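Examination of the molecular architecture
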Amino acid sequence: MENNRGQWGSTFGFIMAAVGSAVGLGNIWGFPYKCGANGGGAFVLVYLILVISVGVTTMLGELAIGRKTGRGAVGAYTSLSKKYTWIGYMGVASGFIIVGFYSVLGGIVLRYMLGFLMNLLGMSGFPAEGFFGAWIANMPGMLLFYAIFMIINIVIVMGGISGGIEKFSKIAMPALFAMLLIIIVYVACQPGAAEGYKYMWIPDFNYLFSNFFTVLKVAAGQMFFSLSLGMGCMITYGSYLSKSENLVRNSLIIPFSDTTVALMSGMCILPACAAYGMEYAGGPGLLFNTMQTVFTQGMGGTIGNIMGFMFYLLVLIAAITSSISLLEVCTAYLIDKRIEKGKDPQRVKMTVIMAVIAFVVGLPTALDGLGTNVAGGAWMNNPAEMFGLPVMTATADWLDFYDFLAEGVLMPLGAMIMSILIGWVFGTKKLIGEEVEVSAAKFTGAKFFDICFKFVVPVIMAIVLVAQITSFLG
Ligand code: TRP
């Protein structure tokens, strides 16, 4: 049974895979732009406090539930009690929703990487000024790159836990780290970069006190997404863990590494903006508009093309190691079901089935041209146009609509319920403590985790839930 589902080959491999899941567009894109738009140092401070309290605790909760039950999101909750199966389904639903739009974005990253590669080879990789706006309305292009990105996912997840996900992550993650370091050092040598560090590291307490709830909400949502929490992803990865692994230690290493990469990517992007006179608070355009300009015009020439190629390659790697974890949540659901019925898992076939469904779910994100709409050359309208709804963040484009469903509602709700179940229904000592001690490790920090499961996580999640809903509907 156990071998049928698959298992991580080594501790290092598991950590690379889990950190790979965590490190993604959220770190390299979301973190710098949200930090840039929400007070810099003030944001970083709140973010760090949240990682240590809510992030580490929820990570431990998910890994422990996964390893204890040996099942993916749905199976794990069913094993705890049949009446909680629906929480697992919320997770798988989030998986489909996120892997779709995530892969559309991944496809765009792939296009940018190839663009810089073409530049290097003497071809014109970005034909037009303001390439981004033209590209998102280029439907055949968007669809092609979306499909390619999804196929890359299928190929890796098909290979299984140690033979696919772990094997890829073990090579890709160290490579990502090295490339990020090179760019950071190069950027640090540019005149004017220091402004960016100052902005990021010196908290403005006046800003913090007058915008506390906004900063808290944005930082908490970001932290959750960045750590791949709230939808059973870490439950699924935890289910492939050997009983000898120290869960508390891993629950510290993963958030620590993820946060390090988020901070590093801030230290790459914000000083680069400062050095080349770009806006920090450029919002979501940061990754595709601002950074492209930094490389092509700021740095310019061959060095700009090399740095640009390396940058988008590392973003691509980050995106792939994350989206495979999302696809794995969906795939594990089918595989668990088959094993339960005594059937062969047929991983290859199950992966393809789930990826095809995810592709269809994600299609509107590509087809509305990220909100460009039919009027702007896309093939489909945004939810507001389609259903005659008022234009709000959640209806302005399909990506935001999906993001609202998953990140805004399903995930904070899932995390809140999990935390309440652990803290109040099953008991932290019983559910988490016993599982931690299976590996002969002591449950260090038991009191701290108990308080977090009982109070801190549910309260913060409730705030996030209310704040997300109001902001998306605003
Ligand atoms: N953490 C990834 C990022 O930062 C995205 C991701 C992967 C994710 N798996 C997840 C988000 C599960 C939420 C849940 O980009």
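Everything quoted here is computed from the prediction, not taken from an experiment. (Residues numbered from 1 in each chain as written. Predicted model: local features only at pLDDT ≥ 70, side-chain atom pairs only at ≥ 80, totals over all residues. Heavy atoms only, no water.)

1. What about the packing of aromatic side chains?
Under the definition given, this model contains 36 aromatic pairs. Each ring, one from Phe43 and one from Tyr47, has its centre 6.1 Å from the other, and the planes form 25°; the classification is stacked. Residue Phe43 and its partner Tyr47 are located together in helix 4 (residues 41-69), separated by four residues, close to a single helical turn. A relative accessible area of 0% means that Phe43 is categorised as buried. Its relative accessible area of 1% is what places Tyr47 among the buried residues. Plain terms: the ring middles of Phe295 and Phe311 are 5.4 Å apart, the flat faces sit at 45° to each other, and that makes the pair tilted. Placement of Phe295 in helix 15 (residues 285-299) and of Phe311 in helix 16 (residues 301-340) is noted, with a sequence separation of 16 residues between them. An identical accessibility class is assigned to Phe295 and Phe311; each is buried. Here the guanidinium or amino end of Arg111 rests over the ring plane of Trp135, the centre of that ring lying 5.1 Å away. Between Lys454 and the ring centre of Trp424, over which it is positioned, the NZ or CZ distance is 5.6 Å. (Phe/Tyr/Trp six-rings, centres within 6.5 Å; stacked < 30°, edge-to-face > 60°. Helix = DSSP H or I, 4+ residues; strand = E, 2+ residues; numbered from the N terminus. Buried < 20%, exposed > 50% of the residue type's maximum accessible area, 1.4 Å probe, protein only. Lys NZ or Arg CZ within 6 Å of the ring centre and 35° of its normal.)

2. Here we look at a nonpolar patch on the surface
Side chains of Ile420, Trp424, Val425, Ile451 and Phe455 sit close together on the surface and give an oily, nonpolar patch of about 480 Å² of accessible area. At the level of secondary structure, the elements contributing two or more residues to the nonpolar patch comprise helix 20 (398-426) and helix 22 (446-472). Tracing the sequence through the fold places Ile420 in helix 20. (Patch = residues over 30% accessible without salt bridge, like charges linked within 9 Å, V, L, I, M, F, W, Y side chains within 5 Å. Areas by Shrake-Rupley, 256 points an atom, 1.4 Å probe, with all protein chains shown as cover. Salt bridge = Lys/Arg side-chain N within 4 Å of Asp/Glu carboxyl O.)

3. Topic: the nonpolar core
Formed by 168 residues in total, the largest nonpolar core has its most connected members in Phe311 and Tyr312. Take this core: its biggest share by element is 21 residues, from helix 16. (Core = buried A, V, L, I, M, F, W, Y, C linked by side-chain atoms within 4.5 Å.)

4. Regarding empty space enclosed by the protein
All told, the structure shown has three cavities of 30 Å³ or more when counted by the stated rule. One number sums up the size of the largest cavity: a volume of about 150 Å³. Lining the largest cavity are 18 residues, and of these Ser21, Tyr102, Phe225, Ser228 and Leu326 sit closest to its centre. At the level of elements, helix 2 (11-22), helix 3 (25-37), helix 6 (85-120), helix 12 (212-226) and helix 16 are the ones that each hand at least two residues to the lining of the largest cavity. Lining the second largest cavity are 14 residues, with Tyr77, Ile87, Gly230, Met231 and Gly232 sitting closest to its centre. (1 Å grid on protein atoms, 1.4 Å probe; cavity = no way out; pocket = protein on both sides within 12 Å on 5 of 7 lines; lining within 4 Å. Points joined across faces, edges and corners; volume = space filled by probe spheres on them.)

5. Observations concerning the layout of surface pockets
When its volume is computed, the largest pocket comes out at roughly 800 Å³. Along the walls of the largest pocket sit 30 residues, with Tyr33, Lys34, Pro284, Asp400 and Asp403 positioned nearest its centre. Mapped onto the lining of the largest pocket, the elements with two or more residues apiece are helix 3, helix 6, helix 12, helix 15, helix 20 and helix 22. A per-element tally of the lining of the largest pocket places helix 3 first, with seven residues. Class assignment for the residues of the lining of the largest pocket results in 15 nonpolar, nine polar and six charged. Contributing to the lining of the second largest pocket are Asn119, Phe126, Ala128, Glu129, Gly130, Phe131, Asn289, Gln292, Thr293, Thr296 and Gln297. With five residues, the single largest contributor to the lining of the second largest pocket is helix 15. Along the lines of polarity and charge, the residues of the lining of the second largest pocket split into three nonpolar, seven polar and one charged. (Nonpolar A, V, L, I, M, F, W, Y, C, P; charged D, E, K, R; others polar.)

6. Thoughts on the site of the ligand
Within the structure, the ligand sits among 16 residues, and Ala22, Gly26, Tyr102, Phe225 and Ser228 are positioned closest to it. Between the ligand and Phe225, the relevant distance is 2.8 Å, taken from a nitrogen atom to a main-chain nitrogen or oxygen of the residue. Between a nitrogen atom of the ligand and a side-chain N or O atom of Ser228, the distance comes to 3.0 Å. Calculation on the ligand without its partners gives an accessible area of 360 Å², and the protein chains cover 100% of this total. At a threshold of 2 Å from the grid points, most atoms of the ligand map onto the largest cavity. If you list the elements that add at least two residues to the shell around the ligand, you get helix 2, helix 3, helix 12 and helix 16. Among the residues forming the shell around the ligand, the class breakdown is eight nonpolar, eight polar and no charged. (Near = heavy atom within 4 Å. Polar contact = N/O pair within 3.5 Å; in protein donor to acceptor, adjacent residues only side chain to side chain. Sits in = over half its atoms within 2 Å of the grid points.)

7. Focus: a positive patch on the surface
The grouping of Lys337, Lys341, Lys343 and Lys349 at the surface amounts to a positive patch. Structurally, Lys337 can be placed in helix 16. Residue classification places Lys337 among the partly exposed positions, given a relative accessible area of 31%. (Lys, Arg positive; Asp, Glu negative; His and termini not counted. Charge placed at Lys NZ, Arg CZ, Asp CG, Glu CD.)

8. What about unusual backbone geometry?
Residues other than glycine predominantly adopt negative phi, and peptide bonds predominantly adopt the trans conformation. Look at Ser228: it is not a glycine, yet its phi comes out positive at around 60°. Position of Ser228 among the secondary structure elements: in the loop between helix 12 and helix 13 (233-238). One non-glycine residue with positive phi stands out, namely Asn373, at about 70°. Position of Asn373 relative to the elements: it lies in the loop between helix 17 (347-367) and helix 18 (383-387).

9. Observations regarding the side chain of Asn382
For Asn382, the location among the structural elements is in the loop between helix 17 and helix 18. A relative accessible area of 7% means that Asn382 is categorised as buried. Not counting residues up to four positions away in its chain, the partners in contact with Asn382 are Asp368, Asn373, Thr395, Ala396, Asp397 and Trp398. (Contact = heavy atoms within 4.5 Å.)

10. Examining the packing of helix 6 against helix 16
Running from N to C, helix 6 and helix 16 point in directions that differ by 155°, and their axes come no closer than 8 Å. The angle between helix 6 and helix 16 falls in the class roughly antiparallel. Helix-helix and strand crossings are classified by hand; for helix 6 and helix 16 the assignment is left-handed. For the contact of helix 6 with helix 16, a count of residues per class yields 25 nonpolar, nine polar and one charged. (Axes fitted to C-alpha atoms, helices over the stretch in contact; angles between N-to-C directions. Parallel < 35°, antiparallel > 145°, perpendicular 65-115°, else oblique. Left-handed = near helix turned anticlockwise from the far one by under 90°.)

These results come straight from atomic positions and should not be treated as a statement about function.
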